[in-house]
Amino acid sequence: MWWQEPVTILKGVGAKTAADLALAGINTVGDLLEYYPRQEAYIDYSRLQKIKELAMDGSRQIFKGEVCSARSGYGAHGKNYTAVTVRDETAYATLYFFSYQRYKAQKLKPGQELLIMGRVRPGRTAKSVSECIIQEMDGQEAAAPGIMPVYPLTGKLTQNNLRKWIRLALAKAAEDLPESLPPSVVKKCKLPDRLTALKNIHFPPNWQALREAKARFVFEELFLLQCGLLYYRRQSHDTRQGIKHGAAGELLAKVRAGLPFSLTEQQEKAWQEISLDMQDVHPMHRILQGDVGSGKTVISALALAKAVENGFQGCIMAPTEILAAQHYETLQSFLEPAGVRVGLLTGGMRAKARRELLLNLELGLVDVLVGTHALLEEDVRFKHLSLAVTDEQHRFGVEQRARLTNKSEYAPDVLVMTATPIPRTLALTVYGDLDISLMKGRPPGRKPVQTLCYNEQKRQEVYAGLLRQVQAGRQAYVVCPLIEHSEQLEARSAESVYEELKSGVLKNVNCALLHGRMKGAEKEALMQGFAAGEISVLVTTTVIEVGVNVPNATLMIVENAERFGLAQLHQLRGRVGRGDKQSYCVLLAGTDTPEALARLAVLHDSEDGFYLAEKDMEQRGAGQLFGLRQHGLPDLRIADIMRDTETIVQARKLAVEELAKPGAMQEIRALVEMQFGERFKMIFNT
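Just so it is clear, the model here is predicted, and its values are computed rather than measured.

What counts and how
Residues numbered from 1 in each chain as written. Predicted model: local features only at pLDDT ≥ 70, side-chain atom pairs only at ≥ 80, totals over all residues. Heavy atoms only, no water. Phe/Tyr/Trp six-rings, centres within 6.5 Å; stacked < 30°, edge-to-face > 60°. Helix = DSSP H or I, 4+ residues; strand = E, 2+ residues; numbered from the N terminus. Buried < 20%, exposed > 50% of the residue type's maximum accessible area, 1.4 Å probe, protein only. Pairing = 2+ DSSP bridges. Axes fitted to C-alpha atoms, helices over the stretch in contact; angles between N-to-C directions. Contact = heavy atoms within 4.5 Å. Core = buried A, V, L, I, M, F, W, Y, C linked by side-chain atoms within 4.5 Å. Expected span 1.5 Å × (residues − 1). Arc of directions from axis to C-beta. Salt bridge = Lys/Arg side-chain N within 4 Å of Asp/Glu carboxyl O. pLDDT = per-residue confidence, 0-100. Polar contact = N/O pair within 3.5 Å; in protein donor to acceptor, adjacent residues only side chain to side chain. Patch = residues over 30% accessible without salt bridge, like charges linked within 9 Å, V, L, I, M, F, W, Y side chains within 5 Å. Areas by Shrake-Rupley, 256 points an atom, 1.4 Å probe, with all protein chains shown as cover.

Draft legend 1. Quick peek at the packing of aromatic side chains. Following the criterion strictly, the structure yields eight aromatic pairs and no others. Taking the centre distance of 6.2 Å and the plane angle of 15° together, the rings of Y35 and Y151 count as stacked. Placement of the pair is Y35 in the loop between α2 (29-33) and β1 (43-44) and Y151 in the loop between β7 (147-148) and α5 (159-175), with a sequence separation of 116 residues. As far as burial versus exposure is concerned, Y35 and Y151 are alike and both buried. Summarising the aromatic geometry, the rings of F261 and F334 are spaced 6.2 Å apart at their centres and angled 80° between planes, so their arrangement reads as edge-to-face.

Here's what the structure looks like:
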């Protein structure tokens, strides 16, 4: 198939050029066709203006200019830049280049003719142009009509060469290009055919044709991604018979009656969704997204009780020994009064105790097993496993989840819990093979954490407040962005802050230093010491972001808080406020910039993790927060999972409809494989 052939089959593409194209992820002719122009970076020659005519309103505009001179300098906060002065017959303008772009700008020579697109604002002596996209003019380019694409460049690639090779690839496509969507979907969504869309996304005759082409490829990518996830779900989940649990009986009623609180409305709704799933013969595959401190463990306790009530066993896997131990204690308190036998399996158990526990498990004398990755080992055998729960799903890969469910002769129900807030439409992509239950809010009796934001000037006062909390019998966390001092990064390290506090304000206080480079056993011992109240102050990194539950910890101080994302700060804040005492989270900013302080102020105003996650994604992009790769999914080339939320919902609905058609599975698999190929490891490695 020609689209799978290397780019070197195209005229003018040799080995060196192929190496430059490979840097951009272009290895085949098909990759070249899917190397879409930058968002909003097309050049419309009909809108070409003179410099004098440019509006200074910050909008993107296009003009020509001759290079006069280039100079380098330092802007606000010591940021390097290169300024290039250009002119035409009407006026002068100054182009500003930052980071890696300034090296290319420094190579510009006086007299060069440039085509420039950028945001135009007032400058000191001439119009100021930022976010510049430039290309050198030649006779052919100057005469080019219509709308031209602008591509990201690597190595020695040029816009003109890329355009030439893409035209050659389009000529091949015109002879033989398979459709990548089912014909019924193309018709139903009124999409242009694939060849027309490819021509119009690269060389559109007008803006309407470009919009339609983009919409086609955004939909195509999201539709095939959802098809792939649904295909994976069916292939991996529906091969064995499921277990149909009965409606709630005496054991569940006894567990619920023994709870020291009533379920909140959100908890009740989540429980009903899970309970109904378990009563279906098809295996449950549900993610329970509960905001920090929303009370997910009690919902898992009810699900485990339902499994036991029906004569089966359940298990819950946690990422750390201390979290497993906390789940064990909580589940014991909820379940054992009703006669449910709960066991704990961790890597650090003595051999004799382990052998005895595993024998009882295999004989069915343990109803609920709590553990770490140790649950995945081959000698862990259940008599009748019907429910597998994993906590903090992002710590476990898809493979590990599958290994746990394979410990049953049936297809067990699967419940995945996470405190990482992800907006629902984004979760449809990241957790596309799971149904979603959301829980917001706090259980009764927990007070909201007061969040305060200060700069360096208040540092001494903040630590004096920490000492007062410790003297009142409370505990505290101090979180730092680095483990040790770095010459490159201006930020406080856990090691230096620990030394400073031990020799200063906390010299008579029992403190400990905890970070990710320590051995597992050492970390567990420190966390257990803190949980037991033997350590008053834990100076740490984000290693404590997930897990430990210490109701007596009422203060968290975050050093260089501006270096953390809002979602991560919210996760960290969730480590305090777990008891009935008023708790505080103090964000110490190492900068006074209005942008950083405004961003942190959002945390002061909200405790809604889902709202904060959305704000974080607006500021930092969804890719950084929830990179699809860590979930075994492909990166997206044109779709944006925050911008295209409506399309995700539409694509999901149509994918479900298509896969329900007789014989559709293999056709859909072929389309997904053609679109994503090796990039969709999660599907095609199963």
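Draft legend 2. Looking closely at the sheet that holds strand β12 (residues 385-391). Spatial strand order, β10-β11-β9-β12-β13-β8-β14: seven strands in an open sheet with parallel pairing. Two strands in the sheet have a free side with no partner beyond their single neighbour: β10 (342-345) and β14 (435-439). Taking each pair of neighbouring strands and ignoring which way they run, the sheet shows an average axis angle of 20°. Alignment of strand β9 (residues 313-317) against strand β11 (residues 368-371), held across four bridges, turns out to be parallel. Each bridged residue has a counterpart across the sheet, and for I316 the counterpart in β11 is V370. This element, helix α11 (residues 296-309), spans β8 (285-290), β9, β11, β12, β13 (413-418) and β14 of the sheet and lies at about 170° to β12.

Draft legend 3. Fine view of the pairing of β9. Within β9, five of the five residues are buried, which leaves the element mostly enclosed by the surrounding structure. Covered by surrounding structure in β9 are Q313, C315 and M317 together with G314 and I316, the residues of both alternating faces. Here five bridges tie β9 to β12, and the two strands are oriented parallel to one another. Across the sheet, M317 pairs through a bridge with T390, a residue of β12.

Draft legend 4. Quick peek at unusual backbone geometry. Phi at K190 is positive, roughly 55°, even though this residue is not glycine. Relative to the helices and strands, K190 resides in the loop between α6 (183-188) and α7 (194-202). Even without glycine at this site, N560 takes up a positive phi of about 50°. Overall, N560 belongs to the buried group, its relative accessible area being 7%.

Draft legend 5. Main features of the nonpolar core. Core analysis: the biggest nonpolar cluster contains 59 residues, and L32, I201, F219 and F223 have the highest contact counts within it. Among the secondary structure elements, those contributing two or more residues to this core are α1 (15-23), α2, α5, α6, α7, α8 (207-237), α23 (645-659) and α24 (664-676). Top element by residues in this core is α8. It accounts for 13 residues. Aside from chain neighbours lying at most four places away, what touches L32 is L10, I26, L162, W165, I166, A169 and H202. Counting residues in hydrophobic clusters, the runner-up holds 38 residues, among them I299, I316, V340 and L387.

Draft legend 6. Structural detail: helix α10 (residues 265-278). With 14 residues, α10 should reach 20 Å at 1.5 Å per residue; the first-to-last C-alpha distance of 20 Å fits that figure. Among the residues of α10, Q267, A270, W271, I274, S275, D277 and M278 are the ones counted as buried. All buried residues of α10 project into a common sector of 155° when viewed along the axis, lining one side. In α10, the exposed residues that point more than 90 degrees away from the buried face are E265, K269 and L276. Next to the buried residues of α10 lie α9 (250-258), β8, α11, β12, β13 and β14.

Draft legend 7. Examining the pattern of salt bridges more closely. What the rule picks out here adds up to 24 salt bridges. Among the ionic pairs, R60 bridges to E131, the shortest N-O distance being 3.6 Å. Within this pair, whereas R60 is found in strand β2 (residues 60-74), its partner E131 is found in strand β6 (residues 127-136), the two being separated by 71 residues in sequence. Among the residues examined, E131 registers a relative accessible area of 46% and is labelled partly exposed. Ionic pairing is found between E66 and R87, a salt bridge with its closest N-O pair at 3.7 Å.

Draft legend 8. Local environment of the confidence of the model for the protein chain. Here the protein chain averages 83 in pLDDT, and 86% of its residues register 70 or above. Segment residues 140-144: pLDDT under 50, and seven contacts once partners within four positions in sequence are set aside and those in other chains are kept. Taken together, the stretch residues 623-630 has pLDDT below 50 and engages in 19 contacts with residues farther than four places along the chain or on a different chain.

Draft legend 9. Spotlight on the sheet that holds β6. Taken in spatial order, the five strands close into a barrel running β2-β3-β4-β6-β5, and their pairing is mixed. Between one strand axis and the next, the sheet turns by 55° as a mean value, whatever way the strands run. Of the pairings in the sheet, the one linking strand β4 (residues 92-98) to β6 comprises three bridges and is parallel in character. Across the sheet, residue T94 finds its bridge partner in β6, namely S128.

Draft legend 10. Structural context of the side chain of D44. With respect to the secondary-structure elements, D44 resides in strand β1. A polar atom in the side chain of D44 sits 3.0 Å from the side chain of W207.

Draft legend 11. Main features of a nonpolar patch on the surface. There is a patch of nonpolar side chains on the surface, built from L359, L363 and L365 and spanning about 280 Å² of accessible area. Within the fold, L365 resides in the loop between α13 (351-363) and β11. Looking at L365, the relative accessible area reads 41%, which means it is partly exposed.

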